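Here are the chains, one letter per residue:
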Amino acid sequence: MQYQALKKKKKAGIRLQPLLQGLIKKAAGEEHTEEVSDGEVIVGDVVSEEEAAGILARHHFKDPRKAYRNVVLLREGPPFSHQTPRSRQIFLRIFPAFFSQIAASSDPDLALNHLEALISSVGARETLYSFFEENPQAIESVIRLFSSSEYLSKIVIRHPEIVDQFLDPAEMLRKRAREEMQGELFTLIGECGTYAERLDALRKFKYTEELHIGYNDILGSMDTMTISKSISMLADVSVAGALRIAEEEFRRIYGRPVCKTGGTETQARFCITGMGKLGGEEITYGSDLDIVFIYSGEGETQGGKSISNHEYFGHLAGKVMSVLTSMTREGTVFRVDVRLRPSGSKGPLCQSIEAFAMYIKEHADIWELQSLTRARVIAGDESLGREFMTLSHQSLYEGPVRKGMAASIRAMRRRMEAEVSKEDSEYYDIKVGPGGIVDIEFMVQYLQLLHGSKYPGIRVTHTLLALESLHREGLLSKDCYLRLRKFYTFLRTLESRLRIVHNMPSHLLPRNPERLTPLARRMGYQDTKRVSGAKRLIRNFEDLRKRVRGIFEEVLADNCNN
């Protein structure tokens, strides 16, 4: 990559523009024919802090004195750092281009804060400055991101070498298929010599692809649901990569796991199932992955150290989780939640498909059946995955409807509000709070369980597609469908924006409007003379969730025929 190559490349003979000389002449009142920009004036150290703050205020910086201190830090470097004359010269040349983009951005203060954090995170400033001087097109893309997203900015600041990605905006915006992504990741893993290198390769791949998705998001080239599907696909590919790494490690130790049936041996199979929002292809930035591990049958491994398939696949599942969650110098990949497996945290980490079927038939609660409506195989053996999905649908839709299902779901919903919701005097909980995302998801799951035996078309994992199919089959009126689709899209967009704009937990919405100005702007709420966009956002949210709760109570009414 070009930025990384520059770290190894020494250049000479760059001409120094007479910037400082011109600024000194201008400050002294001497004639100077070249027009000097405000960016040049501020960075040139020829005006006082007060004068610089006045200039920055005219460019809509909310805290111009802090902004000026950031400029000084960029120019001089932090205390006790060594700023070479050449590094300073390059910075003086490129800063006006940065300042022009920052001043025109949606949040100049935020953009400048992030730029200073990026530069401070780099040991060899000259290399990064040279990169931007040689690739000025990258400046616009970086500042657009820095002014729009706390979450994505943190990725770039933690991994400054990723600025290479901004060399080709068209490539950043290109949408990739799963097969292409997975092929690239497997190639990267295969080129690594050690386990530690493979872990780092997976992490670099994940945050690079997430940056691509986020860039599409802030430019508005993808809607919220497409963004969620893209992040979910990235999660699928990452889990598949983690499985590839884990299997390579375990095969060396234990050999090949086999099943013995009727005197014949067959390769034991293993698959990973996405549940919850991952199963529905609806996760957002920073989401946990709800997953369940399944293997095909009992037997033992054939290798240097033989163990039972139950032990082998339990260890393999744990290794997959470790590959995804372990902290390395490149960070982590995804957090993982396995509590949706049979018997929850008390059950074995990985179960045979036969044991899973027995549990669902004899012990599963209604909430576990709800979670299965969103099950989707994301990695591992495809044939075992098909068996698992067939089994799941038989368990969900081919038996009699559970009695008291509506009452059970309402009770679970009340329990979640009381024990899980983080709503308080400071925050709304847009996910678990009353009238939140879970209300709509529970309605959909209830209707699927109630009518899925008669209408196979409603057995889909994505909530919006499920709503559409329920309407198509006449199970939701047109008015109810349109309202729920609108409400769900709004809440999911709000959830995604909370993460990408503020880098906050995606389900907690501050009640204080003063904290919501950037979010409101990203949601399309502009200030008027009478009321701020943030206050209008809160009013609309409060009204929306009252409407959602009303529909929830209507759909799961006591007199529902279930």
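Cut-offs and rules
Residues numbered from 1 in each chain as written. Predicted model: local features only at pLDDT ≥ 70, side-chain atom pairs only at ≥ 80, totals over all residues. Heavy atoms only, no water. Helix = DSSP H or I, 4+ residues; strand = E, 2+ residues; numbered from the N terminus. Buried < 20%, exposed > 50% of the residue type's maximum accessible area, 1.4 Å probe, protein only. Contact = heavy atoms within 4.5 Å. Areas by Shrake-Rupley, 256 points an atom, 1.4 Å probe, with all protein chains shown as cover. Lys, Arg positive; Asp, Glu negative; His and termini not counted. Charge placed at Lys NZ, Arg CZ, Asp CG, Glu CD. 1 Å grid on protein atoms, 1.4 Å probe; cavity = no way out; pocket = protein on both sides within 12 Å on 5 of 7 lines; lining within 4 Å. Points joined across faces, edges and corners; volume = space filled by probe spheres on them. Nonpolar A, V, L, I, M, F, W, Y, C, P; charged D, E, K, R; others polar. Salt bridge = Lys/Arg side-chain N within 4 Å of Asp/Glu carboxyl O. Polar contact = N/O pair within 3.5 Å; in protein donor to acceptor, adjacent residues only side chain to side chain. pLDDT = per-residue confidence, 0-100. Core = buried A, V, L, I, M, F, W, Y, C linked by side-chain atoms within 4.5 Å. Phe/Tyr/Trp six-rings, centres within 6.5 Å; stacked < 30°, edge-to-face > 60°. Lys NZ or Arg CZ within 6 Å of the ring centre and 35° of its normal. Pairing = 2+ DSSP bridges. Axes fitted to C-alpha atoms, helices over the stretch in contact; angles between N-to-C directions. Parallel < 35°, antiparallel > 145°, perpendicular 65-115°, else oblique. Left-handed = near helix turned anticlockwise from the far one by under 90°.

### Description of the overall build of the chain
Scanning the chain for helices and strands turns up 25 helices and 10 strands. Evaluated residue by residue, the chain yields a buried proportion of 53% over its 562 residues. A separation threshold of at least 6 residues defines the contact pool for the chain, and within that pool the share at least 24 residues apart is 72%. Per element, the accessible surface of the chain, about 25,500 Å² overall, is 49% carbon and sulfur. Positive and negative charge centroids in the chain, built from 79 and 75 side chains respectively, lie 2 Å apart.

### Overview of the layout of surface pockets
Regions of empty space are outlined by a rolling probe, equal in size to a water molecule, passed over the atoms. Taken as a whole, the largest pocket encloses approximately 1,400 Å³ of empty space. Lining of the largest pocket is provided by 38 residues; of these, Asp-290, Arg-339, Met-416, Val-420 and Lys-431 occupy positions nearest its centre. Going through the elements one at a time, helix 15 (276–279), helix 18 (366–372), helix 20 (405–419), helix 21 (437–451) and helix 23 (478–502) are the ones with two or more residues in the lining of the largest pocket. Looking at the lining of the largest pocket residue by residue, the class counts come to 12 nonpolar, 11 polar and 15 charged.

### Points about the side chain of Glu-368
For Glu-368, the position within the fold is in helix 18. Arg-402 is the oppositely charged side chain nearest to the buried, salt-bridge-free Glu-368, at an N-O distance of 7.3 Å. There is a polar contact of 2.7 Å between the side chain of Glu-368 and the backbone nitrogen of Asp-365. Once residues lying within four places of it in the same chain are set aside, the contact partners of Glu-368 are Arg-341, Pro-342, Ser-343, Tyr-359 and His-363.

### So, the confidence of the model for the chain
With 93% of its residues at a pLDDT of 70 or more, the chain has an overall mean of 90. Confidence drops under pLDDT 50 across residues 6–33; counting only partners more than four residues distant or on other chains, this segment forms 29 contacts.

### Overview of the nonpolar core
In terms of nonpolar packing, the biggest core is built from 102 residues, with Phe-132, Phe-166, Ile-272 and Phe-293 touching the most fellow members. When residues of this core are assigned to their parent elements, the largest contribution, 14 residues, is made by helix 14 (residues 224–254). Beyond its immediate chain neighbours, meaning those up to four positions away, Ile-272 contacts Val-239, Leu-243, Ile-291, Val-292, Phe-293, Val-320, Arg-376, Val-377, Ile-378 and Ala-379.

### Description of the packing of aromatic side chains
A complete count under the given rule lists 17 aromatic pairs for this structure. On the basis of an interplanar angle of 85° and a centroid distance of 6.0 Å, the ring pair of Tyr-254 and Tyr-312 is categorised as edge-to-face. Here Tyr-254 is found in helix 14, whereas its partner Tyr-312 is found in helix 16 (residues 309–325), with 58 residues between them in sequence. There is no split in this pair, since Tyr-254 and Tyr-312 are both buried. Residues Tyr-295 and Phe-313 carry aromatic rings whose centres are separated by 5.1 Å and whose planes lie at 15° to one another, so their mutual orientation is stacked. Placement of the pair is Tyr-295 in strand 4 (residues 289–295) and Phe-313 in helix 16, with a sequence separation of 18 residues. The burial state of Tyr-295 is the same as that of Phe-313; both residues are buried. Aromatic ring contacts, followed pair by pair, group Phe-250, Tyr-254, Phe-270, Phe-293, Tyr-295, Tyr-312 and Phe-313 into a single cluster. For the cation-ring pair, Arg-244 lies above Phe-186, with the distance from its terminal atom to the ring centre recorded as 3.9 Å. One residue, Arg-511, lies across the ring of Tyr-428, its end atom 4.0 Å from the ring centre.

### Considerations on the pairing of strand 2 (residues 264–267)
Pairing geometry for strand 1 (residues 256–261) and strand 2, over 4 bridges, is antiparallel. Within the sheet, the bridge partner assigned to Cys-259 lies in strand 2 and is Thr-266. Hairpin connection, strand 1 to strand 2: the antiparallel pair is bridged by 2 residues, and Gly-262 has positive phi, about 60°.

### Topic: the environment of Leu-92
Mapped onto the elements, Leu-92 comes out in helix 6 (residues 85–103). For Leu-92, a relative accessible area of 7% puts it in the buried group. When the C-alpha atoms of Leu-92 and Glu-35 are compared, they prove to be 16 Å apart, with 57 residues separating the residues in sequence.

### Examining the packing of helix 21 against helix 23
The interhelical angle for the contact between helix 21 and helix 23, taken along N-to-C directions, is 135°, at an axis separation of 10 Å. For the element pair helix 21 / helix 23, the angle class is oblique. The chirality of how helix 21 crosses helix 23 is left-handed. Along its contact with helix 21, which presents Ile-437, Ile-440, Glu-441 and Met-443, the element helix 23 presents Leu-484, Phe-487, Tyr-488, Leu-491, Arg-492 and Glu-495. Looking at the contact of helix 21 with helix 23 residue by residue, the classes come out as 7 nonpolar, no polar and 3 charged.

### Focus on the pattern of salt bridges
The tally for this structure, following the rule as stated, stands at 39 salt bridges. For Lys-206, the salt bridge identified is with Glu-210, shortest N-O distance 3.1 Å. One end of the pair is Lys-206 and the other is Glu-210, both in helix 13 (residues 195–219) and 4 residues apart, which spans about a single turn. Of the two residues, Lys-206 and Glu-210, neither departs from the other in class, the shared state being buried. The shortest N-O distance in the salt bridge between Glu-419 and Arg-415 comes to 3.3 Å. Of the two residues, Glu-419 and Arg-415 are both situated in helix 20; the distance of 4 residues between them amounts to about one turn of the helix. Three or more residues joined by partner-sharing salt bridges are found here, namely Glu-171, Arg-174, Arg-176, Glu-180, Glu-184 and Glu-209.

### A few points about the packing of helix 13 against helix 14
Any two packed helices are characterised by the angle at which their axes cross and by the distance between the axes. Where helix 13 contacts helix 14, the axes come no closer than 10 Å and their chain directions differ by 175°. In this view, helix 13 runs roughly antiparallel relative to helix 14, as classed from their interaxial angle. Along the contact surface, helix 13 presents Tyr-195, Arg-198, Leu-199, Leu-202, Phe-205, Lys-206, Glu-209, Glu-210, Ile-213 and Asp-217, while helix 14 presents Ile-227, Ser-230, Ile-231, Leu-234, Val-237, Ser-238, Ala-242, Ile-245, Glu-248, Glu-249 and Arg-252. Residue classes in the contact of helix 13 with helix 14 are distributed as 11 nonpolar, 2 polar and 8 charged.

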